[in-house]
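Next come the chains, spelled out residue by residue.
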Amino acid sequence: MSFLYLEARKGILRRYTLIALALFLCLNTVKIIADYHAGEIRPVAANTSGMQAGYDTIYERIKGPITEETVSFITSEYQRLDGLTADGTYSREPQEGTYSGYIFGDYYLLHSYFYPHMEYSVKYSSDMEEILAQAKENMTFYQESGNTAGAAENAYILHHYAGRTIPAFYLYDGWEALLSYDFSDLLILLLLILAVAPAFTREKENGMTLILSSCKRGRWPLLISKCGAGVIFAWILTILFALLNLLVFGLLCGFEGWGSPLYAIESYQYTPFSGSILLFYGVVCGLKAIGFSVTALLLILLSACFQKSLYPCLMGLGLGVVLNYCTGWALSPVWWKQALSCISPFTLTSGSKLLESLSGVSIGGVYLLQILVVLIVQAVIACLLVIAIRRKSCCK
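Everything numeric in this text was worked out from a predicted model, so none of it was measured. (Residues numbered from 1 in each chain as written. Predicted model: local features only at pLDDT ≥ 70, side-chain atom pairs only at ≥ 80, totals over all residues. Heavy atoms only, no water.)

1. Some details on the overall build of the protein
The line we're drawing: Only DSSP runs of H or I reaching four residues or more are called helices, and only runs of E reaching two or more are called strands; each is numbered from the N terminus. Exposure is judged per residue with a 1.4 Å probe applied to protein chains only, and the accessible area is read against the type maximum: over 50% gives exposed, under 20% gives buried, and values in between give partly exposed. Here, residues are in contact when the closest pair of their heavy atoms is within 4.5 Å. Counted charges follow a simple rule, with Lys and Arg positive, Asp and Glu negative, and His plus the chain ends left uncounted. Think of each charge as sitting on NZ of Lys, CZ of Arg, CG of Asp or CD of Glu.
Looking only at helices and strands, one finds 17 helices and four strands in the protein. Along the three orthogonal principal directions, the C-alpha set of the protein runs to about 85 × 60 × 35 Å. Looking at the protein as a whole, 46% of its 396 residues are labelled buried. Intrachain contacts of the protein at a sequence separation of at least 6 include 73% that bridge at least 24 residues. Across the protein, the 27 positively charged side chains and the 29 negatively charged ones have centroids separated by 27 Å.

This is how it looks when you write it as C-alpha cells:
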C-alpha cells in the first residue's frame, strides 16, 4: 500500500495533474452547457421562448404512465393541428389558446417531439411480437438446414426480447445524448497521458532506475504499484467524469425516465440490454473504466520503452488516434476490421454503440455478444501488457 501511495504521489497527485483535472472538469461542464443551448442535446432549447413554453406545457400534460387519456390527447391534438395546417391557410399571426403562441408552432411541437415518440412507445410491444414471431420461424428454418449460427442468434432473440413493453412516456433526448457523449473521454485520455505516461521515464531522467533495480522491493512490488496506480487513476477519472456528466445532463434535461427500460429510447429499440437506462449508464461507465485501464497499462509500457517523458506522451497521442480510428470498425461486416476493433481499448469506451442493436458471434452453438468478445480480448491484452512491462522495465 505504501508503494502504491508513493507512485500516486510521484505522478497522479502532482500539482500540475490536479490543476489539469480541475480545469478539464470545468471545461467539460462548459461544453455540455454550450451543446445544450446550441440545441445539440435538446433541439427545442435553441428555439424561441414561446416554443420552449409550449414544449413544457405539452410535456407536463402527457409525461408519466401511458394511459388511454394521454394517447387520446396526443392523437386528437395532432389530428386537429394537422387539419388546420394541411392546406397552408392557417393564420401566421399570434393566436390565443395555443401552446406556443402560433398554430404552426403547436403543430411543429406535436409533429417533431411528441406524436412520433408516443406512437413508438405505444406500438413497441406489438412490433416486437412480430419480430419474435419471425425469429421463431427463422430458428426452425436454421435448425432444419443445419445452420447452428443462425439458430443460436434467433434463439438468443427469443430468449432476451420476449415480454418487452414501454409502460411510461418520457422524452429521452437528454439520456440519449448522455449515453453518446464522448468529449469527456478525450479529456480522460489526456489526463492519463499527463499522469501515467512518465511512470518509468521520470525515474530514468532523475537517475533512480539503477537504485530501484538493485532493491528487492524495487522489483515486483514496484511493478504492481505502478500498474495498480495507473488502473486506479483510470477508474477514478471515469467515475468523476461519469458523475459530473450525469449531474449536468440531469440538471439541464431532468432526471425523469431513468427507470424506464433502455429500449424506450428509439435508437436502442433493438438493444439486447433489457435493464433500465440508469443501469445501462452504469454498465457503459464500467466498460469505459476497463478500456481506460488497458490504455493506462499501454502508456506504462511505452514509458518503460523510452528514456525521455516526451516520447511516451507523443506515442500515446499517436496510438490514441490510430486505435480510436480502429474503433470505428467495430460494426464493420469485414472480419479483419472487426478483429482490429477488438484490439482497441477504445472500443470499450464506445461500448454503448455495440449495444444499440444485436451484434455478436456464434461459437459452438452459443451466441456471444460482441461486447463480451471485446472484453475477453482486452483481458488477454492487459495480461500481455503487464508481462511486457516487466520485461522492459527494471522490475525483473
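2. Comments concerning the state of the cysteines
For the record, the criterion: We call a pair of cysteine sulfur atoms a disulfide when they lie within 2.5 Å.
By the definition in use, this model includes zero disulfides. Free of any disulfide, Cys 26 has its nearest neighbouring cysteine sulfur in Cys 285, separated by 20 Å. In this structure Cys 26 comes out as exposed when scored by relative accessible area, which is 51%. We note that Cys 342 lacks a disulfide partner, and the nearest cysteine sulfur, in Cys 326, lies 11 Å from it.

3. Here's the deal with helix 5 (residues 103-145)
Put simply, the rule reads: To estimate how far a helix should extend, the number of its residues minus one is multiplied by 1.5 Å. We define the bend at any residue as the angle between the axes fitted to the seven residues before and including it, ending there, and the seven starting there.
With 43 residues, helix 5 should cover 63 Å at 1.5 Å per step; its first-to-last C-alpha distance of 58 Å lies within 8% of that length. The sharpest bend along helix 5 reaches about 50 degrees and sits at Tyr 124. Residue Gly 146 follows helix 5 closely and has a positive phi angle near 80 degrees.

4. Quick look at the environment of Ala 296
Locating Ala 296 in the fold gives a position in helix 12 (residues 277-305). Between the C-alpha atom of Ala 296 and that of Ile 232, which follows or precedes it by 64 residues, the distance is 9.5 Å. Those residues in contact with Ala 296 that sit more than four places away from it in its chain are Leu 192, Val 196, Gly 230 and Val 231.

5. Quick look at the pattern of salt bridges
Keep this limit in mind: Salt-bridge detection follows one rule: a side-chain nitrogen of Lys or Arg within 4 Å of a carboxyl oxygen of Asp or Glu.
In total, this model carries eight salt bridges according to the counting rule given. The salt bridge involving Lys 288 is made with Asp 185; its shortest N-O contact spans 2.7 Å. With Lys 288 in helix 12 and Asp 185 in helix 8 (residues 183-196), the pair connects residues that are 103 residues apart, well separated along the chain.

6. What to know about the packing of helix 2 (residues 15-37) against helix 8
Basically, it comes down to this: Where helices are involved, their axes are fitted lines through C-alpha atoms of the stretch in contact, as for all axes, and angles between N-to-C directions lie from 0 to 180°. For classification purposes, angles smaller than 35 degrees are called roughly parallel, those larger than 145 roughly antiparallel, those between 65 and 115 roughly perpendicular, and all remaining angles oblique. Three classes are used: nonpolar for Ala, Val, Leu, Ile, Met, Phe, Trp, Tyr, Cys and Pro, charged for Asp, Glu, Lys and Arg, and polar for all others, with Gly counted as polar.
With their axes 10 Å apart at the nearest point, helix 2 and helix 8 run at an angle of 170 degrees to one another. On the basis of the axis angle, helix 2 is roughly antiparallel to helix 8. Between helix 2 and helix 8, the contacting residues are Tyr 16, Thr 17, Ala 20, Leu 21, Phe 24, Leu 27, Asn 28 and Lys 31 on the first element and Phe 183, Ser 184, Leu 187, Leu 190, Leu 191, Leu 194 and Ala 195 on the second. When grouped by side-chain class, the residues that make up the contact of helix 2 with helix 8 number eleven nonpolar, three polar and one charged.

7. A word on the nonpolar core
Condition: Among the buried residues, those of types Ala, Val, Leu, Ile, Met, Phe, Trp, Tyr and Cys that are joined through side-chain atoms within 4.5 Å form a nonpolar core.
The biggest cluster of nonpolar side chains holds 70 residues, and the ones touching the most others in it are Ile 74, Leu 109, Phe 114, Leu 262, Ile 265 and Phe 280. Considering every element that reaches this core, the biggest residue donor is helix 5, with twelve residues. In this structure, Phe 280 is in contact with Leu 179, Leu 262, Tyr 268, Phe 273, Ser 352 and Leu 355, ignoring residues within four places of it in sequence. The next biggest cluster of nonpolar side chains, apart from the first, holds 38 residues, and it includes Leu 191, Phe 233, Ala 234 and Leu 301.

8. A look at a nonpolar patch on the surface
We apply this condition: Patches here: salt-bridge-free residues with over 30% relative accessible area, like charges joined within 9 Å, nonpolar side chains (Val, Leu, Ile, Met, Phe, Trp, Tyr) joined within 5 Å. Where accessible areas are quoted, they stem from the Shrake-Rupley method and a 1.4 Å probe; at the residue level, only the protein chains shown are allowed to cover.
Nonpolar side chains collect at one region of the surface, where Leu 186, Leu 190, Leu 310, Tyr 311, Leu 314 and Leu 317 lie side by side and expose about 540 Å² of accessible area between them. At the level of secondary structure, the elements contributing two or more residues to the nonpolar patch comprise helix 8 and helix 13 (310-327). Among the elements that take part in the nonpolar patch, helix 13 stands out by supplying four residues, more than any other. As for its position among the elements, Leu 317 is in helix 13.

9. Looking at the side chain of Thr 70
Rules: Counted as a polar contact is a pair of N or O atoms within 3.5 Å, where, for protein atoms, one must be capable of donating a hydrogen and the other of accepting one, and residues adjacent in sequence contribute only when both atoms are in side chains.
As for its placement among the helices and strands, Thr 70 is situated in helix 4 (residues 68-85). Among the polar contacts made by the side chain of Thr 70, one reaches the main-chain carbonyl oxygen of Thr 67 at a distance of 2.9 Å. Residue contacts for Thr 70: discarding those within four places in its chain leaves Arg 61, Ile 62, Pro 65 and Met 118.

10. Some remarks on the packing of helix 12 against helix 17 (residues 370-392)
Where we set the bar: When the near helix sits turned anticlockwise from the far one by under a right angle, the crossing is termed left-handed; a clockwise turn instead gives a right-handed crossing.
Closest axis-to-axis distance for the helix 12/helix 17 pair is 9 Å, and the angle between their directions is 25 degrees. Judged by the angle between their axes, helix 12 and helix 17 are roughly parallel. Every pair of crossing elements has a handedness; the one defined by helix 12 and helix 17 is left-handed. Contacts between helix 12 and helix 17 involve Leu 287, Ile 290, Val 294, Leu 297, Leu 298, Ile 300, Leu 301, Ala 304 and Cys 305 from the former and Ile 371, Leu 375, Gln 378, Ile 381, Ala 382, Leu 385, Val 386, Ala 388, Ile 389 and Lys 392 from the latter. The residue inventory of the contact of helix 12 with helix 17, partitioned by class, reads 17 nonpolar, one polar and one charged.

11. Remarks on the pairing of strand 3 (residues 360-363)
To keep things clear, this is the line we draw: Whether two strands pair depends on DSSP finding at least two bridges between them.
Across four bridges, the pairing between strand 3 and strand 4 (residues 366-369) is antiparallel. Bridge pairing links Gly 360 to Leu 369 in strand 4. The turn joining strand 3 and strand 4, which pair antiparallel and follow one another in sequence, is formed by two residues; a positive phi near 60 degrees is taken by Gly 364.

12. Description of the environment of Thr 75
Examined against the element boundaries, Thr 75 turns out to sit in helix 4. We classify Thr 75 as partly exposed; its relative accessible area is 24%. With 277 residues separating them in the primary sequence, Thr 75 and Ser 352 have C-alpha atoms 33 Å apart.

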